Amino acid sequence: MEPDDTSSDAFRDDRLPLIVSAYLDGELLGEELAAFEALLKDNPTLASEVAEMRQIEEQLAKIGTDILAEPVPEALLQAIAEFERS
């Protein structure tokens with residue numbers, strides 16, 4: 001990140017990745033949430049990066065959901081049963 005992109009010392013804080021992760025996971029509450037959202041408002045670069053991370057998380061969550069919704073093939077169930085018997 002370019003030095004002029006920083007609007008507070010929080011960008012130099014090693015905890016920023018943990019704070020971003022907690023934010024994306026919905027774990028920030030109260031004053032921590034308000035402070036981080038103020039930081040996002042003051043720093044469009046960070047806000048853009050966080051928005052991109054949220055999109056990536058959403059896309060990853062969708063991957064394979066259609067496959068997971070399908071029933072397990074009978075041949076696979078039989079193979080597992082045979083393995084467990086041996």
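Residues numbered from 1 in each chain as written. Predicted model: local features only at pLDDT ≥ 70, side-chain atom pairs only at ≥ 80, totals over all residues. Heavy atoms only, no water.

*Asks:* Can you walk me through a negative patch on the surface in this structure?
*Replies:* Together, D25, E27, E57 and E58 make up a region of like negative charge exposed at the surface. Locating E58 in the fold gives a position in helix α3 (residues 44-62). By relative accessible area, E58 is classed as partly exposed at 44%. (Patch = residues over 30% accessible without salt bridge, like charges linked within 9 Å, V, L, I, M, F, W, Y side chains within 5 Å. Areas by Shrake-Rupley, 256 points an atom, 1.4 Å probe, with all protein chains shown as cover. Salt bridge = Lys/Arg side-chain N within 4 Å of Asp/Glu carboxyl O. Lys, Arg positive; Asp, Glu negative; His and termini not counted. Charge placed at Lys NZ, Arg CZ, Asp CG, Glu CD. Helix = DSSP H or I, 4+ residues; strand = E, 2+ residues; numbered from the N terminus. Buried < 20%, exposed > 50% of the residue type's maximum accessible area, 1.4 Å probe, protein only.)

*Asks:* Help me out: how do you make sense of the nonpolar core in this one?
*Replies:* Generally speaking, soluble globular proteins have nonpolar side chains that are buried together. By size, the foremost hydrophobic cluster in this structure holds 11 residues: L16, V20, A22, Y23, L24, L28, F36, L39, L40, L46 and V50. Among the secondary structure elements, those contributing two or more residues to this core are α1 (16-24), α2 (30-42) and α3. For this core, the element with the highest residue contribution is α1, accounting for 5 residues. (Core = buried A, V, L, I, M, F, W, Y, C linked by side-chain atoms within 4.5 Å.)

*Asks:* Sorry, what's going on with the packing of α1 against α3 here?
*Replies:* Packed helix pairs are specified by the crossing angle of their axes together with the interaxial distance, meaning the distance between the axes. In contact at an axis separation of 11 Å, α1 and α3 are set at 50 degrees when each is read in the N-to-C sense. In terms of orientation, α1 lies oblique with respect to α3. At the point where α1 passes α3, the crossing takes the right-handed sense. Between α1, through V20, Y23 and L24, and α3, the contact on the second element is made entirely by V50, M53, R54 and E57. Along the lines of polarity and charge, the residues of the contact of α1 with α3 split into 5 nonpolar, no polar and 2 charged. (Axes fitted to C-alpha atoms, helices over the stretch in contact; angles between N-to-C directions. Parallel < 35°, antiparallel > 145°, perpendicular 65-115°, else oblique. Left-handed = near helix turned anticlockwise from the far one by under 90°. Contact = heavy atoms within 4.5 Å. Nonpolar A, V, L, I, M, F, W, Y, C, P; charged D, E, K, R; others polar.)

*Asks:* Which parts of the structure should I look at to understand the packing of α1 against α2?
*Replies:* Running from N to C, α1 and α2 point in directions that differ by 105 degrees, and their axes come no closer than 11 Å. One element, α1, and the other, α2, form an angle in the roughly perpendicular class. Contacts from L16, I19, V20 and Y23 of α1 reach α2 at L33, F36, E37, L39 and L40. Tallied by class, the residues present in the contact of α1 with α2 amount to 8 nonpolar, no polar and 1 charged.

Just distances and angles here, no functional claims.
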